[in-house]
Amino acid sequence: MQIDEVFNERLIDLDLQATTKDEAIQKLVSVFYHQGIIRDKDIFLQSVLEREKISSTYCGVDLAIPHGISDVVRRPAVCFARAEEFYWDDSQQDPVSFVVMLAIPKDKRAQGAHIEMLSAISLLFLEDDLRALWKETDSPQVVYESIVEALKKQAQ
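Structural notes, computed from the coordinates. (Residues numbered from 1 in each chain as written. Predicted model: local features only at pLDDT ≥ 70, side-chain atom pairs only at ≥ 80, totals over all residues. Heavy atoms only, no water.)

1. As for the packing of aromatic side chains
Right, on to step 1. Tallying each qualifying case throughout the model produces nine aromatic pairs.
Right, on to step 2. Considering the side-chain rings of Phe-86 and Trp-88, the 6.0 Å spacing of their centres and the 40° angle between planes classify their relative orientation as tilted.
Right, on to step 3. Look at Trp-88 and you get buried, because its relative accessible area is 3%.
Right, on to step 4. By way of ring pairs, the aromatic residues Phe-80, Phe-98, Phe-125 and Trp-134 are connected into one cluster. (Phe/Tyr/Trp six-rings, centres within 6.5 Å; stacked < 30°, edge-to-face > 60°. Buried < 20%, exposed > 50% of the residue type's maximum accessible area, 1.4 Å probe, protein only.)

Pasting the structure below:
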């Protein structure tokens, strides 16, 4: 699966207005809905919240990666958001600045690919220079291009 098949500049929000996990998840579900990625906001929201109940998707390094697998997902997609720092869970010690949400169809091929996407995204956030760039820029294009370039380097 190529990055441009699942991610584009319209799926980047550099001013996510959220102060809680639930607000962040609801707003990113709306982005997927308005971009035609999902057919039903409520059903997809439930799949993300159910996944979150299993275990937190907080990953450290300023990042949470909530995700849902559902029949209402038309095609796999990744949404990138930057917010003012907030705490994802009561138990976490560091705040979240970035939320990357995945929408995954209930299709065996797509489900396998989502593990690869989770891994690749997590590795990007270990790079201090990328996180610093994403904290400073106001350009979705800069975020998109930096992610594409970093993923190309990872693949080599």
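Here the narrative resumes, following the displayed structure.
2. Digging into empty space enclosed by the protein
Right, on to step 1. Under the defined criterion, the tally for this structure stands at one cavity of 30 Å³ or more.
Right, on to step 2. The computed volume of the largest cavity comes to approximately 80 Å³.
Right, on to step 3. Taken together, Ile-3, Phe-7, Val-78, Phe-80, Val-100, Ile-121, Leu-124, Phe-125, Trp-134, Ile-147 and Leu-151 make up the lining of the largest cavity.
Right, on to step 4. Of all the secondary structure elements, the ones that give two or more residues to the lining of the largest cavity are strand 5 (77-86), helix 4 (108-124) and helix 6 (140-155). (1 Å grid on protein atoms, 1.4 Å probe; cavity = no way out; pocket = protein on both sides within 12 Å on 5 of 7 lines; lining within 4 Å. Points joined across faces, edges and corners; volume = space filled by probe spheres on them. Helix = DSSP H or I, 4+ residues; strand = E, 2+ residues; numbered from the N terminus.)

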